[in-house]
Structure formats: structure tokens, C-alpha cells
Amino acid sequence: MSTPAVPTPPAQADEPVAGPVRLPIAHALNRGLRDALAGDDRVMLIGEDIGRLGGVFRVTDGLQKDFGDLRVVDSPLGEAGIVGSAIGLAMAGYRPVCEIQFDGFVFPAMNQIITQLAKYRHRSEGAVSLPVVIRIPVGGGIGAIEHHSESPEAYFAHTAGLRVVSPSNAHEAYHLLRESIASDDPVIFLEPKRSYWLKGDVDTTVAAPAFDRAQVVHPGDDVTIVAYGALVPAALKAAQQYAEEGVGVEVIDLRSLSPIDDATILESVRRTGRLVVAHEASRTAGLGAEVAARVQDEAFYSLEAPVLRVTGYDTPYPASRLEEDWLPGVDRIVDAVDRSLEH
Amino acid sequence: MSTPAVPTPPAQADEPVAGPVRLPIAHALNRGLRDALAGDDRVMLIGEDIGRLGGVFRVTDGLQKDFGDLRVVDSPLGEAGIVGSAIGLAMAGYRPVCEIQFDGFVFPAMNQIITQLAKYRHRSEGAVSLPVVIRIPVGGGIGAIEHHSESPEAYFAHTAGLRVVSPSNAHEAYHLLRESIASDDPVIFLEPKRSYWLKGDVDTTVAAPAFDRAQVVHPGDDVTIVAYGALVPAALKAAQQYAEEGVGVEVIDLRSLSPIDDATILESVRRTGRLVVAHEASRTAGLGAEVAARVQDEAFYSLEAPVLRVTGYDTPYPASRLEEDWLPGVDRIVDAVDRSLEH
Amino acid sequence: MNHPLLSLLGPDGQLDAATAAPTPADGLALYRDMVMARRIDTEAIALQRQGELGLWPSMLGQEAAQVGAGHALRPRDVVFPTYREHGMAWCRGVDPVNLLGLFRGTTMGGWNPRDNNFNLYTLVIGAQTLHAVGYAMGIVRDGDVGTGDPERDRAVLVFLGDGALSEGESNEAFVWAAAQNLPVVFFVQNNQWAISAPYSVQSRVPVAQRAQGFGFEGVRVDGNDVVAVRQVTEQALASAREGNGPTLIEAFTYRRNPHTTSDDDGRYRPVTENEEWEARDPLARMRTYLAGAGVLDEAAEAALAADEQALAERLRSGCRALPVPTASSPFENTLADMPDELARQMHEHLEFVAAGEEQDR
Amino acid sequence: MNHPLLSLLGPDGQLDAATAAPTPADGLALYRDMVMARRIDTEAIALQRQGELGLWPSMLGQEAAQVGAGHALRPRDVVFPTYREHGMAWCRGVDPVNLLGLFRGTTMGGWNPRDNNFNLYTLVIGAQTLHAVGYAMGIVRDGDVGTGDPERDRAVLVFLGDGALSEGESNEAFVWAAAQNLPVVFFVQNNQWAISAPYSVQSRVPVAQRAQGFGFEGVRVDGNDVVAVRQVTEQALASAREGNGPTLIEAFTYRRNPHTTSDDDGRYRPVTENEEWEARDPLARMRTYLAGAGVLDEAAEAALAADEQALAERLRSGCRALPVPTASSPFENTLADMPDELARQMHEHLEFVAAGEEQDR
Ligand SMILES: Cc1ncc(C[n+]2csc(CCOP(=O)(O)OP(=O)(O)O)c2C)c(N)n1
Ligand SMILES: Cc1ncc(C[n+]2csc(CCOP(=O)(O)OP(=O)(O)O)c2C)c(N)n1
Ligand SMILES: [Mg+2]
Ligand SMILES: [Mg+2]
């Protein structure tokens, strides 16, 4: 199943090139791809249904029309082929940006990603880098069927030789994508699919922080929340609720899931003494475990409460009628913050 | 490359059926497979080179000769096919035991493992379980070339719907394997390849603890080490060194990497207040992160020092001339224990 | 490399002269199943429009392919579908209400695959082809192939799409089936599109030709001709059951609706194509044939209409009555024995859900 | 489906009458490269026995396949090898000492793939076929195909084994190459074994037939006949460069040594097979031919022996002199910019290593 039950985006306006414009994340990404294609001949897009259809989420809308089918390639139905051919293209000097149609369909490409893409720089002793970006819509919350709501980030974060990034708003989406394409390293670019139509001001001329840095998106001194992707808005909501009660919740948008910018996290936790990490992926050996492990080590004496994790459970993603409860959201984040504060 | 630079095992003696016998792990596994095949017609083995060759590590030596090529199947060269066909066989009522030739070659099977094997019980709402075992030789230390020294356990532990176990000695190898084959759940069975020729007393008639339980293999009250597979002997060596100095190091063999038996770990850490987790896999989002995250949460007030991790680094596995230093061993474990005790 | 397209019942409703006419009962049964399959599809689309389903992958135009194949099966044969085999599910006796659960979000499955020898829908393209191969290995090991006993011999019928031919896993399935001479039939509904990708993106030769590269037979059949589809599928299944190994069937047809209800096929294909294929409708030609043969009289039409109506009502009420799974079910169905940690997570979750319900009151 | 095996230079050293005799220089060059390739192999095996290498995958018996293909290449063509293409590496000008590093454990690669248009060895069966396809897509996009300019047009030559034909990824590569008509030649050395698995485990039809299923040409050639191999490879590469798309070449040969030096082929195949193939030795037949043609005289033999000797000495001393990588190199080569956390890990590691060395003193 591929086309999810989300509304079709409004037709894209002919937006100005600079200055802040209000765009949904999907359009900011489209703009990012367009600017990357226009700025460098070696940038190419490959994926299933990305050409005439413009991708099932329309992120590549109009790009094949404007850049031709040699640069925006409707691929055969095979994910190993998408990533494997991107590797070959990168060896030939191109900068391919792959689209995997849904999170649950990246696994046929796992061999190419783990044994080839991630290891080639090391294999060649630094002689050859592979500037390949793999875009993947991730996460649940859109009422989809099986394999369309997965959160595979930990597999990639555990794999040395990859960078993993995920934007949480439109401005970041644009800039993180541009930086990912410009990077000489392979980048797994995770797009929180339920946020595709979340609008925000995008300024293509004002750079965001470097794509390997976390960012404090809400300041506070009482407790820290680390989140990324679709859970950043939830964390912000929680922070705003607490602000009304006079409790200072600092929210850090991780942005780079690998490497993790622990300096930013540690600075915050040393101040607040309390940390909640939130993600949709299953708990065991997820990113939350990594953040908790680092923080309890590096900020042991600053912690006034254990690092708490608010995560998806260690079950397969459930049928969508259950997802609202199953998914971590504002309520469960608040609950964890409360527990942290009570310690 | 498949056949590693390890000595060929001595020809297998005709050992008695009960009572403790001294066997290397590889032979204990062979015995486990043999007894499982003999005990249940529905048990089958599938893998590359497992028949006439007896597997590159000879773990299946002699089994095709004795049980025939319908039950011990030399498969075509395709890991997706091995796991995918095992799923089909399980649906048809069989209990297939797959062999993946080396850790680095499991990735072509990742789609079948993650989207099919792990999810089928959930997909069928509990109506159908898939009793498939996937045996994989794992880890480094044998001077091998690329892809022959990987530690992929975290990928599996993060995947809900799988069990992951790994033995550290011959007796356990026999019993964990028998239990894995008897289990109705899919089990990833990780065989520490550099321990294949490590000998120990195997008693097939004396059961080991349940395959989802950790086990204290060396008692101590000052600090706890959690390890599994090939690092258990290293942890034991460290514990013995400390014992001579009068320091009590408790070593826990995890055995079950998923689910993790945290009760056993917590009981120990609440006593010792200190914990070191050791594994060969890369650090970020590895099993050590998970153990650390759980322990700092559940035993927050008992911890006198941060949980320390002794792990492989976040690089691809290095060329073998570097592995001795790169791999965590007794020295690095001792260093971490010292640091923990100094806190 | 010559792959003639077998067609017996033409778009004009004329049956090939050399082909034995189906008995009235048989002809009616084929027609009825196609009508019912289409009705399931139509109702499901309506339910999706009403918000009762999240999405629906329509099989409009592919009724003959599925029903023809369905009528070639014996009860002990085992079927591995993709996500579009609603007509096949109907033929196998799966309660059609249960087809809706996956798309309503009440389940990831919907039926017990053992009840009707009809596996669960598989959404990961190509993955089921290897399960089919494994099942066929099981049949060989059970000794249920080539015995000559029609009550005993069995085969596997696995469905895949034209797009699925490009996945590595499908091709591994061909390798295994051929090398081990397994009792499995690969049934490819070449509906010419994989979402927005026309078949030319995948290949420059007919689907049926693929099998040759692996050393087994590929046959092409008019996928809108239920009589021809049944015939080639019967032959392929018989050959498999007898121990002669795999066959690939290309049922050449057309996906007349968008990929799913969420898709917008106006973006990538002209409507004229659709019109062309409407003229080759599988139901219309069978209807013409049966009417011409005097088999489909008014009484039969009325009976069928009543059956359809009853089915539609069952689907509508059944859909709304599909039970929502309990909050504990994902935890209960992850592993056969629930681990302690998962039990704790379930407990945590159930308390949370209960507290939420408390608040909502 | 008829796949005749092209053979021009028979085991008896007789050249096919209709084939133009190679010039003396050309004939000698082919022979010399086969001799040198074999010498690399022999020396490496000896080095492994002496404990200088961890293991070595021998190419004994496959010299003609690799050297024939090597002589069909133009400099701008790009080669993707497996792990057994030592003869091809030689033809491409890779320093043979550098072939040893992977097996000595001093590197995972060993040369810069860009220096000789010869990619690194790939150990994961089949993975390189997709890289070849991607590279060929790059050639198309560079406009370096079908221009008619021999300095410009290029193609990709990718190696795989008979076992590799069973991996899904290899088959996806066939899909992509055919559908996009890419300038890539799949060169299968069918040495009849995949470790212990005879080809019958993988397939029941010749390797070359596989291509047909995907809609391109498959050709079979005597893999022990350097003249024939060169000819079919030249044709296939020319066709690719001209824009006519892919070809699959099956070079039918035999792996005369165990899979690697760690393998024990006595467990799974009879020695008689080996003897049979020794009689079809690719070097011997070329030697007979050249001697008969008066090309390989004593002086030439002596010169070649001296070259061989020099090569052997270079390999022995070069092997021992291969630099061990620094302890920091895995960290430095993981990502283009080393992340802070990795820098910390490196620091931790280097201190640890230094402390160990301190202790060892
Ligand atoms: C491995 C995988 N990749 C991508 C998808 C997304 N997807 C769903 S259906 C589809 C097209 C399938 O085409 P085809 O095999 O022809 O079957 P049809 O839908 O036409 O019945 C795609 C790409 C998927 N489900 N699985
Ligand atoms: C994906 C993968 N699975 C398994 C292996 C282990 N392995 C190494 S070589 C080999 C056999 C390869 O046979 P073939 O393709 O015929 O090449 P040959 O060794 O004969 O040159 C196997 C199974 C591997 N390297 N990669
Ligand atoms: Mg289709
Ligand atoms: Mg071979």
C-alpha cells in the first residue's frame, strides 16, 4: 500500500526565492531539492513514483518536469537497486538523493546501506566518500496500515559510517536537507510524515545551525526534554503547558540523530538535573537508551532524577485504531516530566 | 570470503549421550542440532554449505549424512531466500533452523527478518507463531577480513517480535540452542565465533536456566559486569584478577539479549552499586546503552558510579591487524572497573 | 521467447470454437464470483469514501484473473496473496467483512490463514513469494506431491504484481523454485502499473519471459478472460502437484482504478487507456456469453442481484461492527510468552489508557 | 534457449581455422598476463602457508577468463570485481602487492579505485552488481555512450560468480540494466562451485540463459580459452559503449583450488573433476599454440621467467612491507568530518593503546 490517507497538498505556489515564506514541511523539502538540483548538476533524485506522480507525499512534485527524467529518475520497484545504484552513481561523481517510499520499505536496502554505503569510505581508506542521501518518510500517526508507520532510526544510528538527521519544522527541513546533500558523507534523512503539512516560515537565505548540532527550541531550567521529528511539537506543547504553571521545561530538538550532539544536551542537563527523552521508536536499544546512557555517564552528579524514556513500546506498530494511545504524545511526556520532577 | 583462518576441528568422537562430556562449543552446537533433529521430525536445517561441507565452522558436520538432504538443506546463495523459505516452512508446520554463514551476510535477509518474521505473530493476531531459529556466527578476534567480524545484535534486539540469545560456553550452547528450537518464537541465535573451539563440560541431561534468563557466573559484591558471548570469558578473567586483590566482581552472563532479564541485573547492581557493561558491537545504541538506561532508571539511588560501557567503537570493524587493540578485552574491562571503583 | 497471449472468451463474449463450453452451473458460478468480487470492491470504495476505511486498493478490472485462478484451486492448495486479491479471497471462502479490517485499522491481518489455506495479505512487495517457496518445500517434505492421489497432492499459488518482478526477493523465489523443482505457481497479475510506474520502467520484455531465465515455463493469458485464466492455472497447478515444478503465469490485465483510494492516477496516465480496458471488461464478456447461451436468464440475474445486495449490506454493517482491538493486544501478540519487561510496558500502558479514559469521562 | 559454448583455442592448442591468428606480440601479451596472474596466485598461496596472509582465494584455472576480459577493456572502461579477480587486477595495472593487504589484514581495500578504473574487491556476494549499474547510469548521464568517439564512449564490466546469480541483488541489477538499457557487461565466471555448492544447487539451466528472462543477450564462452573470451567480451563491451545495452557473458571454467586456503574441497568434490580440468588448462593450450606458431621461443620463455621471478620477489618483500594501519585510521576513515564523540572515542583508544605499549616495554 503506498498512498496514505493524508490529504493531497494544495498545488504549489510560485514562491519567491528569498525572504521568509510560509510553507508546509513537504514544500520546504521540495524547495530544498529544487535548489539543490538547480545549484549542482551532479545532484540527482532516484526513487519509486517520484517523477510524474511527484512521490506519494508529493515532495518531488514538478521536479522531473523541470529537471528531466535523467536527473529525476522513476526507478524500478527495488530498494536495494535504489541504494545500490546510488552508490555506483556516487562513485561516478554524482550526488544522488534517494527516496524510499515508506519507512517499512527500507529493509530490502539494508544490505546496501550497512555493508556498502556505510563502509565504503573506511574500505577505501578515506580515498572515496559516497555523498548519498536517503530520504525516508517515518513515523506513525496518519492512520496508515502495516509498514507505513515505522521508526527505523536506531538501526541507522547504530551503524558507523552513516549520518542520520531529522527535521521538525519547515525551515529546518529545508536547511538540513541542503546540508545533507552538500555533505560528503552518506546521510539518512528522516522525514516525520505526519508533520509534512505542518507549516512554518522558511528562509532559504538564513542558515540553520550546522546539521550535526542539536538545538534548544524552548528554554527552561527545571527539566530537559530531548526529542526529534514529530515529537518536537509535542514536547513544545508540554513545555508551554508547564510554562503557564511556572515550571521551566527546556526542549532540545536533537536534529542530528547520529552523531548525537551531547554537548548541547549535557549543558542543559547539568543545569536542569532532569531529563526526559521522547521518541516513537520501540524502547529497547532505541535512541533514548543512548541518550540516557551518555547523560548518566557524563552528568552523573548533576542528575537529580533518572533519565526517563517516553517511547513506543517493544511491540510491532499496532493497527491504526490503537495508535493514538500507543504513540507517545503530550500526555505521556507530561506524565514523565511530572515523574521526573517528583523525584 | 567464507572459510576463516581458524583451525579445522578434530574429527568428532562418538560421544556418550548423557553425563558430562568435554566438548568445544562448535561440537556442543552440533550435538544440539543432532538431538533436535532426532527428537522432532519437523526440525530442519537450511543454509549455505551446511550439508556436505558441514558448514564453514563444521557446526552441522555429519548431519546431512545422517538425516538426509531433505532435512539438512544446502541452499542456493541467498539469505533472503533462506529466511523467507524458513518462514514458509514454519507456516507449513516445520521448525526450521537457518544458518547464516557469517554475521556480515545477514543483511540481505533483514527485510524478511524485520518485516515478516518478527511481525507475523502480531499480524495474525496471535493465530500463527513462526518457530524459526536463525543461527549466526558473530564477532571478531579471528583475524578475518571484512564482513566476517560483525556484531549485529542490536539490530535484532531493537526489533520487537524476536528473541535474541547468545551462549558463552559449551553447556549453555547446547541448552540455549535446544530451547531456541523448542520455542514457538523466532530466535536469533548468535554464536561467538572465536569461542567455537573453547571447550567445556556439556551435560545434555542437566538443564540450564531458562533461555530468557541472565545468569550470575561469578559472584561478587563490589562491582557488577554484564557481558555476553565472547566477552564473558574476558569478564571472568577480570573478576579472577580482582578476586586475588580481594575485590568482589560479580559477572552476569546476559544469555538473553532480548528480552533482557533486568531482574537479575538489578538485584546485583542494587548490591554492588556499580556496573560495567561490555560488548564488541559499536557503542552508540548498542545493548550497553539499553542496560545502562534501564539500570540508571530502576536502580537510580543504588548507583554509586555511572554505568560504564566497554564496547567496540563507532567505526566499521577495522582491518584485522588492528583488531586486538580495537576489540574490548580484559584490559579495557579492568580499566572500566577501576574507574567505576574510583568513583 | 515467443509468448502468445491465450484468449478463449473474447471481449465480444464469443467463446473460442475449440474450447468446450462450460456447463451452465459452472458458467454461472464463474460469473457470480466475479460479480460478487466486484461488489466487494465497490462497497469497500464506498466505505472508504464514507470514512469507514482508511484506504482501499481496488481490484476493478482484475476479477477474471482472480476468479479464474480461484476456480482452478483445490481445497488443499495454499494461496499467498498480495493486498489486492479480494476476488481470490472470496473464492477461498474468506469472510469478506474480514478483508476490511486491515484497511479500517482494526487489525494488521484479519483472518486465520489456516482456515481457508489463504495466507494474510502481504504489503511488502515480493516478500510473500519466498514464503510460498518455503511452504512448497514443506509440501515436498510432507510427501504431498506427485503421489497421483488427488486428495493428497497439493501446490502453492502465489500472487504478485508486474512491479514485484523487480524486487530481488521475487527473483530469489524463482531461483529456489526452479532449482528445487517446487510445486509452486507464480501468478502475476500484470495490470501494467506499479502505482505510477508503467511496466516499461521495470522491463522491456513480457512478464512471462522472466521464467525462462530461471529455467521454467512462463505462460501469458488474457487476464480478463476467466475461462482462459482458469485453464492455464489448472494446468500449471496440475503440473506442480504432479511434481513437475513451477510455472509462471502472466495474466495480462489492467488496473482500472487508481492504485488505492488515496492515489491520483490522473497525474500519470491518460483516461483513454482506461476506456480501452473498460471495453475489455471481464464481467461484461462473460455476461454476454452466458446470456447468449441462454444460461443467464432473468431469474438468475434477479437471484444474483439479491445475493449482491445481501453481500453489500453485510459488508456495510459488518465493517462498522468490526471489533477494535484491545489496548493490550499488541503486547499479547508480540511473542508467544510475554517477557517481563513487555508485561511492565503493557501495565504502564493500560494504566495510562485507563487514566485517559477516566479524564475523558 | 540454445546457448552454444564458443571455443576458438582448444585444449589441444589448436586455433579455430576461421579465426584470425593473433599477432606475435598480441599472442605473447595474452600468454604473459596469464602467466603473471598465475604467479601472483601461486605466490600468494605460498605467503598464506607461511602465515603472511590470513587467507587467499585462489584463481587457479580462471586465468584465461580474466585475462581475456582484461584485454577487451579500454582504459576508460570501469571494472567491478568480486574477490577473486587477481588476473583482472593485474591487467588493469593494480600493483599486485596491494592485492595482498586485504588478506594480510592491513586494509579492507588496498588501492584507490579511481587510479585504474578498478573498483575495490567486494566480498558481499552480488552487491557490486548494483554499483556497476549505478556507475553505468552515470556514464549515460555524462553522455559517454553511443557518441561514436572511441576516446569517449565507455562501459562497465562487472564480475560475479555462478553462486552470485542466486542473490536478489544480482537480479535487481539485471532488471535495472535491461530496463534502462545501460552500458554494462555482466561477466560471470561460472567456475561451477560456490564454496561447496555445485551449480546444480543454484539452477537447472545454463548461466547465460538467465539474461533472457530479463530481455538481454546471454552468451557462453569457453572460459579457459583466452582468445574466445577476449572476442566475446570485446563484442559485448562494444555493444554497451554503442548504446545497445547490457550483455551477460558466461565464462565456463573451473575453480581448481579450494574456495580459499581455509577451505577443504576434499569434503565435497572428487579429485577426478580437478584432473579433468587440469587437462583443459588455459595456459598450457596457449603455450602449445604459441610454441607451434614459433612465437614462444627460448628467449621469450627466459624473459618471461625472469619477469615472473622479479614479480615473485616483489610480492614476497612487498607483502612483508605492507604498512600496518595506524590505530587512529578506523576513526579517521569513518566519516569525512570526524564527529566530536568519535574524536573522544579515538582519544580514549589512543591513550589506551599508548598505555599498553608503555606496559609492554
Ligand atoms: C518493498 C516495497 N517497496 C515499496 C512499496 C510501495 N508500494 C506499494 S504497492 C507498489 C506498487 C506495486 O506494483 P505491482 O507489483 O505491479 O502491484 P499492483 O499494485 O499493481 O497490484 C509500491 C511501490 C511496498 N509496498 N513494498
Ligand atoms: C551475501 C553473502 N552471502 C554469503 C557469503 C559467503 N560466501 C563467500 S564466497 C561464497 C560463494 C560464492 O560463489 P560464487 O558466486 O560462485 O563465486 P566464486 O567463489 O566461485 O568465485 C559464499 C557463499 C558472502 N560472501 N556474501
Ligand atoms: Mg501492477
Ligand atoms: Mg563459483
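Every value quoted in this text rests on a predicted model; they were computed, and no experiment measured them. (Residues numbered from 1 in each chain as written. Chains lettered and ligands numbered in written order. Predicted model: local features only at pLDDT ≥ 70, side-chain atom pairs only at ≥ 80, totals over all residues. Heavy atoms only, no water.)

Undergrad: For the overall build of chain A, give the residues involved together with the corresponding values.
TA: The secondary structure content of chain A amounts to 12 helices and 14 strands. Taken against the 2.2 N^0.38 rule, which gives 20 Å for 343 residues, the C-alpha radius of gyration of chain A at 20 Å falls within 12% of a compact globule. Its C-alpha atoms put chain A at 60 × 45 × 40 Å along the principal axes. The buried share among the 343 residues of chain A stands at 74%. Taking the contacts inside chain A whose residues are at least 6 apart along the sequence as the reference set, 81% of them involve residues at least 24 apart. Per element, the accessible surface of chain A, about 9,000 Å² overall, is 47% carbon and sulfur. (Helix = DSSP H or I, 4+ residues; strand = E, 2+ residues; numbered from the N terminus. Rg over C-alpha atoms; globule rule 2.2 N^0.38 Å. Buried < 20%, exposed > 50% of the residue type's maximum accessible area, 1.4 Å probe, protein only. Contact = heavy atoms within 4.5 Å. Areas by Shrake-Rupley, 256 points an atom, 1.4 Å probe, with all protein chains shown as cover.)

Undergrad: Give me the overall build of chain C: which residues, what numbers.
TA: Within chain C, the secondary structure is distributed over 14 helices and 8 strands. For a compact globule of 361 residues, the expected C-alpha radius of gyration is about 21 Å, and chain C comes in at 22 Å, within 12% of that figure. When its C-alpha atoms are laid out on the principal axes, chain C stretches across 70 × 50 × 45 Å. Burial statistics for chain C: of 361 residues in total, 63% are counted as buried. With 30 positive and 50 negative side-chain charges, chain C shows a spacing of 2 Å between the two charge centroids. (Lys, Arg positive; Asp, Glu negative; His and termini not counted. Charge placed at Lys NZ, Arg CZ, Asp CG, Glu CD.)

Undergrad: Describe the coordination of the magnesium ion (ligand 3), and please don't skip the residues or the numbers.
TA: Residue and element names in this part refer to chain C. Donor atoms from the polypeptide that bind the magnesium ion (ligand 3) are Asp162 (OD), Asn191 (OD1) and Trp193 (O), placed at 2.1 Å. All donors to the magnesium ion (ligand 3) come from one chain, and their sequence spacing reads D-x28-N-x1-W. Assessed through its relative accessible area of 5%, Asn191 is described here as buried. (Donors = N, O, S within 2.8 Å, 3.2 Å for Na, K, Ca; no water.)

Undergrad: How would you summarise the environment of Ile249 of chain C if you had to cite specific residues and measurements?
TA: Residue and element names in this part refer to chain C. Inspection of the secondary structure assignment puts Ile249 in strand E8 (residues 247–252). Among the residues examined, Ile249 registers a relative accessible area of 0% and is labelled buried. On a C-alpha basis, the gap between Ile249 and Phe187 in space is 4.9 Å, while along the polypeptide they are 62 residues apart. Every residue in contact with Ile249, bar those within four places of it in the chain, is listed here: Val185, Phe186, Phe187, Val188, Val219, Val221, Val232, Thr233 and Ala236.

Undergrad: Outline the environment of Ala173 of chain D, supporting the account with residue identities and numerical values.
TA: Residues and elements named next belong to chain D. Considering the arrangement of structural elements, one finds Ala173 in helix H6 (residues 168–179). By relative accessible area, which is 0% here, Ala173 ends up buried. Through-space distance from the C-alpha of Ala173 to that of Val184 is 9.9 Å; in sequence the pair is 11 residues apart. Those residues within four positions of Ala173 in sequence are excluded, and the remaining contacts are Thr129, Leu130, Val133 and Phe186.

Undergrad: Describe the coordination of the magnesium ion (ligand 4), naming the residues involved and giving the relevant values.
TA: Residues and elements named next belong to chain D. Distances from the magnesium ion (ligand 4) to its protein donors, Asp162 (OD), Asn191 (OD1) and Trp193 (O), fall at 2.1 Å. Here the donor residues of the magnesium ion (ligand 4) are spaced in sequence according to D-x28-N-x1-W. Each member of the pair, Asn191 together with Trp193, is buried.

Undergrad: Talk me through the interface of chain A and chain B; I want residue IDs and the actual numbers.
TA: Listed as interface residues are 50 residues of chain A and, on the opposing side, 50 residues of chain B. If you look at where chain A meets chain B, you find 6 salt bridges. For Arg123 of chain A, the salt bridge identified is with Glu146 of chain B, shortest N-O distance 2.7 Å. Applying the counting criterion to the chain A and chain B interface returns 16 residue pairs in polar contact (both at pLDDT 80 or more). At the level of elements, helix H4 (110–117), helix H5 (120–123), helix H6 (153–157), strand E13 (275–282), helix H10 (287–298) and strand E14 (308–312) of chain A are the ones that each hand at least two residues to the side of chain A that touches chain B. Here the side of chain A that touches chain B takes 7 residues from H10 of chain A, the largest share from any one element. Here the residues of the side of chain A that touches chain B sort into 24 nonpolar, 15 polar and 11 charged. (Salt bridge = Lys/Arg side-chain N within 4 Å of Asp/Glu carboxyl O. Polar contact = N/O pair within 3.5 Å; in protein donor to acceptor, adjacent residues only side chain to side chain. Nonpolar A, V, L, I, M, F, W, Y, C, P; charged D, E, K, R; others polar.)

Undergrad: Describe in detail the interface of chain A and chain C, supporting the description with residues and values.
TA: Frequently, the measure chosen for interface size is the accessible area that the parts lose on association. The partner chain C presents 47 residues to the 38 residues of chain A that form the contact. At the surface where chain A touches chain C, the tally comes to 2 salt bridges. In this structure, the salt-bridge partner of Arg267 of chain C is Asp61 of chain A, at a minimum N-O distance of 3.0 Å. For the interface between chain A and chain C, the tally reads 12 residue pairs in polar contact (both at pLDDT 80 or more). Elements with a contribution of two residues or more to the side of chain A that touches chain C: helix H11 (323–326) and helix H12 (330–342) of chain A.

Undergrad: Pulling in residues and values, what's your account of the relation of the copies chain A and chain B?
TA: At an RMSD of 0.0 Å, chain A and chain B line up after a rotation of 180° and a shift of 0.0 Å along the axis. With respect to symmetry, the two chain copies, as superposed, fit the operation of a two-fold axis. (Least-squares fit on C-alpha atoms with pLDDT ≥ 70 in both.)

Undergrad: Give a description of the packing of aromatic side chains that names residues and reports values.
TA: Evaluated as defined, the whole model comprises 46 aromatic pairs over all chains. Aromatic pair Trp193 of chain C and Tyr268 of chain C: ring centres 5.4 Å apart, planes at 45°, arrangement tilted. In this pair, Trp193 of chain C is assigned in strand E5 (residues 193–194) and Tyr268 of chain C in the loop between E8 and helix H10 (271–278), connecting sequence segments 75 residues apart. This pair shows no difference in class: Trp193 of chain C is buried, exactly as Tyr268 of chain C is. With a centroid separation of 4.8 Å and an interplanar angle of 90°, the aromatic rings of Phe174 of chain D and Phe186 of chain D are classed as edge-to-face. On the criterion of sequence distance, the pair formed by Phe174 of chain D in helix H6 and Phe186 of chain D in strand E4 (residues 184–190) is long-range, its members being 12 residues apart. For Phe186 of chain D, a relative accessible area of 0% gives the class buried. Taken together, the ring pairs in this structure connect Phe174, Phe186, Phe214 and Phe216 of chain C together with Phe174, Phe186, Phe214 and Phe216 of chain D into an aromatic cluster. (Phe/Tyr/Trp six-rings, centres within 6.5 Å; stacked < 30°, edge-to-face > 60°.)

Undergrad: Pulling in residues and values, what's your account of the domain arrangement of chain C?
TA: For chain C, the assigned domains read domain 1 (5–324) and domain 2 (334–360). Using C-alpha coordinates to define each centre, domain 1 of chain C is positioned 40 Å away from domain 2 of chain C. (Domains from an automatic or database assignment.)

Undergrad: Tell me about the pattern of salt bridges, and please be specific about residues and values.
TA: One pass over the full model with this rule turns up 98 salt bridges over all chains. The residue Arg344 of chain C makes a salt bridge to Glu341 of chain C at a minimum N-O spacing of 3.0 Å. Of this pair, Arg344 of chain C and Glu341 of chain C both sit in helix H14 (residues 340–360), separated by 3 residues, roughly a single helical turn. Overall, the relative accessible area of 39% leaves Arg344 of chain C in the partly exposed class. If you follow the salt bridges from partner to partner, you end up with Asp262, Glu290 and Arg294 of chain A, Arg309 of chain B together with Glu341 and Arg344 of chain D in one network.

Undergrad: Would you mind going over the side chain of Ser268 of chain A in detail, with residue names and values included?
TA: Mapped onto the secondary structure, Ser268 of chain A falls in helix H9 (residues 262–272). Polar contacts involving the side chain of Ser268 of chain A include one to the side chain of Glu250 of chain A, which spans 2.9 Å.

Undergrad: Which residues make up the sheet that holds E4 of chain D, and what values do they have?
TA: Within a beta sheet, neighbouring strands are joined by backbone hydrogen bonds and run either parallel or antiparallel to one another. All names here are of chain D. Read from one edge of the open sheet, 6 strands run E1-E7-E8-E4-E3-E2, paired in parallel fashion. The outermost strands of the open sheet, each flanked by one partner alone, are strand E1 (5–6) and strand E2 (78–80). Judged from the 6 bridges that link them, E4 and strand E8 (residues 247–252) form a sheet pairing that is parallel. Opposite Phe187, over in E8, you have Ile249 as the bridge partner. Of the strands in this sheet, E2, strand E3 (156–161) and E4 are in contact with helix H5 (residues 127–142), which crosses E3 at around 170°. (Pairing = 2+ DSSP bridges. Axes fitted to C-alpha atoms, helices over the stretch in contact; angles between N-to-C directions.)

Undergrad: So, the environment of Gly109 of chain C: which residues are in play, and what are the values?
TA: Assignment of secondary structure puts Gly109 of chain C in the loop between helix H4 (96–104) and helix H5 (127–142). Given a relative accessible area of 4%, Gly109 of chain C falls into the buried group. With 181 residues separating them along the chain, Gly109 of chain C and Leu290 of chain C place their C-alpha atoms 37 Å apart. Beyond its immediate sequence surroundings of up to four residues, Gly109 of chain C is in contact with Arg123 of chain B together with Asn98, Leu102 and Leu120 of chain C.

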